[in-house]
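Coordinate inspection notes
Chain by chain, the residues:
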Amino acid sequence: MPGKLYICATPIGNLEDITYRVVRVLNEVDVIACEDTRHSMKLMNHFDIHTPLTSYHEHNKIEKAAVLVDKMLSGADIALVTDAGTPAISDPGEELVRQAVKAGIEVTSLPGACACITALTMSGLATRRFAFEAFLPYDKKERRNVLEGLANETRTIIIYEAPHHLKATLEELYGTLGDRVLTLCRELTKKHEECIYTMICEAIRLYEETEPKGEYVLVIEGADMMALAESKKQQFLDMPLDEHMGMYTSQGIDKKEAMKLVAKDRGVSKRDIYNALLEGRKG
């Protein structure tokens, strides 16, 4: 009978944030897969856990996942932990879970600490809808594409950032998104935890005078829906009517339906569009 994969959330700072269930499961499984065995060993020693550890990280995730899946197919129960927080969230554990699911292995997740959720809940920003971007890509072109995509994102945005990249990232965010409400969460759950409620431009000024320290989670206000709708409407109003009609008719949409769509884009009636087109032809 196949074993089971347990996704175990571990503390992101304060060791009291581990759950009783995670401690029990880490004691009961056959193997614990972790990013850095030396780092995880400190946690295991603290809770007197003696289960064997095996290294599973970004650079061996595909090959090692296959090995771990074979172990589970042979009956072993495996726990997956990350250096801090919930595995598989912006983490190589995603690959192991994917391979386990594909192999028909039962997967269960033991909830616990997660930096993005912790920051979101204390941000004071909208929590019903959010977009988690984790760390922005390092590749310049890919990074630019992601940032440009976020410019019209109406959900609350969550980004991770290291202290030595924070200043540059804030500048990029300001240049792409404009000034937005921003909550900067630093060193979450740790001794020097800090939550700064500010604006992007103010954060830039702050770190001109203060050197960033610790790991950061940036929670950023989403774009205003009404402002985006108004901006889009204005773009259509600035477009020549014939060109606007052509945008739809070139897609094979008949003129009657195209007029309806154009009217909706411009916030006017279909009759107004009909009359304007008729007037244009007379002219």
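So, here is what we can say about the structure in this document.

Parameters at a glance
- Residues numbered from 1 in each chain as written.
- Predicted model: local features only at pLDDT ≥ 70, side-chain atom pairs only at ≥ 80, totals over all residues.
- Heavy atoms only, no water.
- Helix = DSSP H or I, 4+ residues; strand = E, 2+ residues; numbered from the N terminus.
- Rg over C-alpha atoms; globule rule 2.2 N^0.38 Å.
- Buried < 20%, exposed > 50% of the residue type's maximum accessible area, 1.4 Å probe, protein only.
- Contact = heavy atoms within 4.5 Å.
- Areas by Shrake-Rupley, 256 points an atom, 1.4 Å probe, with all protein chains shown as cover.
- Pairing = 2+ DSSP bridges.
- Core = buried A, V, L, I, M, F, W, Y, C linked by side-chain atoms within 4.5 Å.
- 1 Å grid on protein atoms, 1.4 Å probe; cavity = no way out; pocket = protein on both sides within 12 Å on 5 of 7 lines; lining within 4 Å.
- Points joined across faces, edges and corners; volume = space filled by probe spheres on them.
- Nonpolar A, V, L, I, M, F, W, Y, C, P; charged D, E, K, R; others polar.
- Axes fitted to C-alpha atoms, helices over the stretch in contact; angles between N-to-C directions.
- Phe/Tyr/Trp six-rings, centres within 6.5 Å; stacked < 30°, edge-to-face > 60°.
- Arc of directions from axis to C-beta.
- Expected span 1.5 Å × (residues − 1).

1. Describing the overall build of the chain
- The helix and strand inventory of the chain stands at 12 helices and 10 strands.
- Against the globule reference of 19 Å for 283 residues, the chain gives a C-alpha radius of gyration of 26 Å, more extended than a compact globule.
- Structurally, the chain occupies a C-alpha span of about 85 × 55 × 30 Å along its principal axes.
- A total of 283 residues make up the chain; the buried ones form 43% of that total.
- In the chain, the proportion of contacts linking residues at least 24 apart, taken out of those at least 6 apart, comes to 68%.
- Accessible area of the chain: about 16,000 Å², with a carbon and sulfur share of 51%.

2. With respect to the pairing of strand β1 (residues 4-8)
- For β1, the buried fraction is high: 5 of the 5 residues fall into the buried class.
- Covered by surrounding structure in β1 are Lys4, Tyr6 and Cys8 together with Leu5 and Ile7, the residues of both alternating faces.
- Relative to strand β5 (residues 106-110), β1 runs parallel, the two sharing 5 bridges. Residue pairing for β5: Lys4 is matched across the bridge by Glu106.
- Alignment of β1 against strand β4 (residues 78-80), held across 3 bridges, turns out to be parallel. Bridge pairing in β4 links Tyr6 to Ala79.

3. What about the nonpolar core?
- Within the largest apolar cluster, 21 residues are counted, with the highest numbers of intra-cluster contacts made by Ile159, Leu170, Leu173, Leu182, Leu184, Leu218 and Ile220.
- Counting residues per element, the ones that place at least two in this core are α6 (140-150), β7 (156-161), α7 (163-177), β8 (181-186), α8 (200-209) and β10 (216-220).
- Setting aside residues up to four positions removed in sequence, Leu218 forms contacts with Ile157, Ile158, Ile159, Glu161, Leu166, Leu170, Leu173, Leu182, Thr183 and Leu184.
- Formed by 16 residues, the second largest nonpolar core is a distinct cluster that contains Tyr6, Cys34, Met44 and Ala79.

4. Considerations on the layout of surface pockets
- Taken as a whole, the largest pocket holds about 890 Å³ of empty space.
- Residue assignment for the lining of the largest pocket shows that the elements contributing at least two residues are α2 (37-46), β7 and β10.
- In terms of residue count, the dominant contributor to the lining of the largest pocket is α2 (5 residues).
- Broken down by class, the residue content of the lining of the second largest pocket amounts to 4 nonpolar, 3 polar and 4 charged.

5. Examining the sheet that holds β8
- Sheet architecture is open: 5 strands sit in the order β6-β7-β10-β8-β9, paired in mixed fashion. The strands lining the two open edges of the sheet, one partner per strand, are β6 (130-135) and β9 (194-199). On average, adjacent strands in this sheet sit at an angle of 15° to one another, irrespective of strand direction.
- Two elements, β8 and β10, share 5 bridges in a ladder whose sense is antiparallel. Its bridge partner lying in β10, Cys185 is registered against Val217.

6. Structural notes on the packing of aromatic side chains
- Tallying each qualifying case throughout the model produces 3 aromatic pairs.
- Residues Tyr207 and Tyr216 carry aromatic rings whose centres are separated by 6.0 Å and whose planes lie at 90° to one another, so their mutual orientation is edge-to-face. This pair shows no difference in class: Tyr207 is buried, exactly as Tyr216 is.

7. Some points on helix α1 (residues 20-28)
- For α1, the set of buried residues is Val22, Val23, Val25 and Leu26. Summarising the axial view, the buried residues of α1 lie within an arc of 165°, below the 170-degree limit, and thus occupy one face. Residues Tyr20 and Glu28 are exposed on α1 and point more than 90 degrees away from its buried face.

8. Quick notes on unusual backbone geometry
- Even without being a glycine, Asp48 presents a positive backbone phi close to 55°.
- Mapped onto the elements of the fold, Asp48 is located in the loop between α2 and β3 (53-55).

9. Overview of α7
- With 15 residues, α7 extends 21 Å from end C-alpha to end C-alpha; this agrees with the ideal 21 Å at 1.5 Å per step.
- Buried within α7 we find Pro163, Leu166, Thr169, Leu170, Leu173 and Leu177.
- Next to the buried residues of α7 lie α6, β7, β8, α8 and β10.
- Two residues or fewer after α7 comes Gly178, characterised by a positive phi angle close to 80°.

Just geometry here; none of it tells us what the structure is for.
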